[in-house]
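A closer look at the structure
Spelled out, the chains give:
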Amino acid sequence: MTTVLDEIIVGVREDLEVRRSEVSLERIRDRAAETTRRSPARDAYAALSGGRTDPAGVRMITEVKRSSPSKGALAEIASPAELARDYEAGGAAAISVLTESRRFRGSLADLDAVRAAVDVPVLRKDFTVDEYMIYEARAHGADLVLLIVAALDDAQLAAFLDLTHELGMNALVEAHTPEEIERAVAVDAKIVGVNVRNLKTLEIHPENYATLAPHLPEGVVRVAESGVQGAEQVAGYARDGADAVLVGEALVRHGDPVGAIRDFRAASTAVRR
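Residues numbered from 1 in each chain as written. Predicted model: local features only at pLDDT ≥ 70, side-chain atom pairs only at ≥ 80, totals over all residues. Heavy atoms only, no water.

**Examining the pairing of strand E7 (residues 170-175)**
Of all six residues in E7, six are buried; the element is thus mostly enclosed. Every second residue of E7 is oriented toward a common face, with Asn170, Leu172 and Glu174 on one face and Ala171, Val173 and Ala175 on the other, all of them buried. In this structure, strand E6 (residues 144-148) lies alongside E7, joined through five bridges in parallel fashion. Looking at the pairing, Ile148 lines up with Glu174 of E7. Regarding topology, helix H7 (residues 154-166) serves as the crossover connection from E6 to the parallel E7, and that connection is right-handed. After leaving E7, the chain enters helix H8 (residues 178-186) and then returns to the sheet as strand E8 (residues 191-195), a path that is right-handed. (Buried < 20%, exposed > 50% of the residue type's maximum accessible area, 1.4 Å probe, protein only. Helix = DSSP H or I, 4+ residues; strand = E, 2+ residues; numbered from the N terminus. Pairing = 2+ DSSP bridges. Right-handed = clockwise from strand over helix to strand, strands pointing away.)

This is how it looks when you write it as structure tokens:
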């Protein structure tokens with residue numbers, strides 16, 4: 001049976017081939033190398049570590065996200081750069097930028113705008129299915145890429161993670177099940193996201209984080225993804241041991257993203273008292 005994830009990946013591959021026909025793999029490699037010479041990737045592992053014990057609260061990965069397959073249009077976001085600056089001002093540890101165009105209305109132009117506007121690490125959030133996309137992410141200034149375990153076989157996952165590290169970047173390796181966490185740990189992933197959204201059905205089950213987090217070893221940065229509607233969910237993820245929480249919809253729809261980030265972090269400290 002074809003899943004939502006399968007359908008998204010078909011579109012991602014089609015769009016990738018258009019870009020590859022315009023810019024060859026060799027050229028995008030050269031661009032990635034030049035970007036790295038000018039501005040090496042920021043250390044996202046360091047930026048996201050320690051959220052479980054930080055007196056200021058969990059680390060926040062805040063998202064520039066216009067649309068989603070489950071909710072449709074979320075926000076127009078006339079200026080991704082302005083939103084990113086607000087996120088940084090609120091205390092975001094990293095900023096995630098959707099670049100998938102069909103379901104999320106994102107673009108590499110959004111990534112460029114955000115990279116130029118902030119100093120914190122930037123995640124290219126897309127469905128990475130080819131090494132080209134990793135070089136492309138670095139060429140556009142990304143410090144992290146997303147590797148979804150469910151979308152890759154073991155050989156691809158290991159090779160893509162190795163390439164990410166060769167380019168000086170980090171990867172957010174995303175899992176949804178104990179088996180996927182085991183696969184992420186097997187390739188020595190340093191930043192592991194537990195996504196409580198089932199990408200095959202788009203259903204969200206926030207309670208899954210508490211069930212899956214114990215499968216993560218010490219030393220791994222633990223990221224809770226999806227399901228955040230407000231401070232209560234952030235506090236819950238902190239209670240269950242998250243170092244960082246990725247939030248998109250709740251922030252792009254919020255009238256005061258700076259205040260919201262501060263409130264979310266404050267709520268995460270309250271559960272430790």
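**Observations regarding the layout of surface pockets**
Each pocket or cavity is described by its volume, and for the largest pocket that value is around 570 Å³. Residue lining of the largest pocket: 33 residues in total, with Lys65, Arg197, Ile204, Ser226 and Gly227 positioned closest to the centre. When residues of the lining of the largest pocket are traced back to their parent elements, those giving at least two are E6, strand E10 (244-247) and helix H11 (249-252). Taken together, the residues that form the lining of the largest pocket break down as 15 nonpolar, eight polar and 10 charged. Taken as a whole, the second largest pocket encloses approximately 170 Å³ of empty space. Of the residues forming the lining of the second largest pocket, the biggest block, four residues, is contributed by helix H1 (residues 4-22). (1 Å grid on protein atoms, 1.4 Å probe; cavity = no way out; pocket = protein on both sides within 12 Å on 5 of 7 lines; lining within 4 Å. Points joined across faces, edges and corners; volume = space filled by probe spheres on them. Nonpolar A, V, L, I, M, F, W, Y, C, P; charged D, E, K, R; others polar.)

**Here's the deal with the side chain of Glu136**
With respect to the helices, strands and loops of the structure, Glu136 is situated in helix H6 (residues 131-139). At 2.7 Å, the side chain of Glu136 and the side chain of Arg19 are in polar contact. Setting aside anything within four residues of it in sequence, one finds Glu136 in contact with Arg19, Ile28, Leu108 and Arg124. (Polar contact = N/O pair within 3.5 Å; in protein donor to acceptor, adjacent residues only side chain to side chain. Contact = heavy atoms within 4.5 Å.)

**Quick word on the nonpolar core**
The biggest cluster of nonpolar side chains holds 96 residues, and the ones touching the most others in it are Tyr87, Ile95, Leu147, Val173 and Val245. Once residues lying within four places of it in the same chain are set aside, the contact partners of Leu147 are Thr128, Leu152, Leu157, Phe160, Leu161, Ala171, Leu172, Val173 and Glu174. (Core = buried A, V, L, I, M, F, W, Y, C linked by side-chain atoms within 4.5 Å.)

**A look at the pattern of salt bridges**
This structure, assessed with the given rule, holds 23 salt bridges. The partner of Glu14 in a salt bridge is Arg102, and the shortest N-O contact between them spans 2.9 Å. Of this pair, Glu14 sits in helix H1 while Arg102 is found in the loop between strand E4 (94-98) and helix H5 (108-117), placing the two residues 88 residues apart along the sequence. Judged by its relative accessible area of 45%, Arg102 falls in the partly exposed class. We note a salt bridge from Arg265 to Asp54, for which the minimum N-O separation is 3.3 Å. (Salt bridge = Lys/Arg side-chain N within 4 Å of Asp/Glu carboxyl O.)

**Observations concerning the packing of helix H4 (residues 80-90) against H5**
Direction vectors running N to C along H4 and H5 enclose 45°, while the axes themselves pass 8 Å from each other. Classified by the angle between their axes, H4 and H5 sit oblique to one another. Crossing hand, H4 versus H5: right-handed. Seen from H4, the contacting residues are Pro80, Ala81, Ala84, Arg85 and Glu88; seen from H5, they are Asp110, Ala113, Val114 and Ala117. (Axes fitted to C-alpha atoms, helices over the stretch in contact; angles between N-to-C directions. Parallel < 35°, antiparallel > 145°, perpendicular 65-115°, else oblique. Left-handed = near helix turned anticlockwise from the far one by under 90°.)

**What about the side chain of Arg66?**
Here Arg66 shows up in the loop between strand E1 (59-64) and strand E2 (67-68). There is a polar contact of 3.0 Å between the side chain of Arg66 and the backbone oxygen of Ile77. Within polar-contact distance, the side chain of Arg66 engages the side chain of Asp110 at 2.2 Å.

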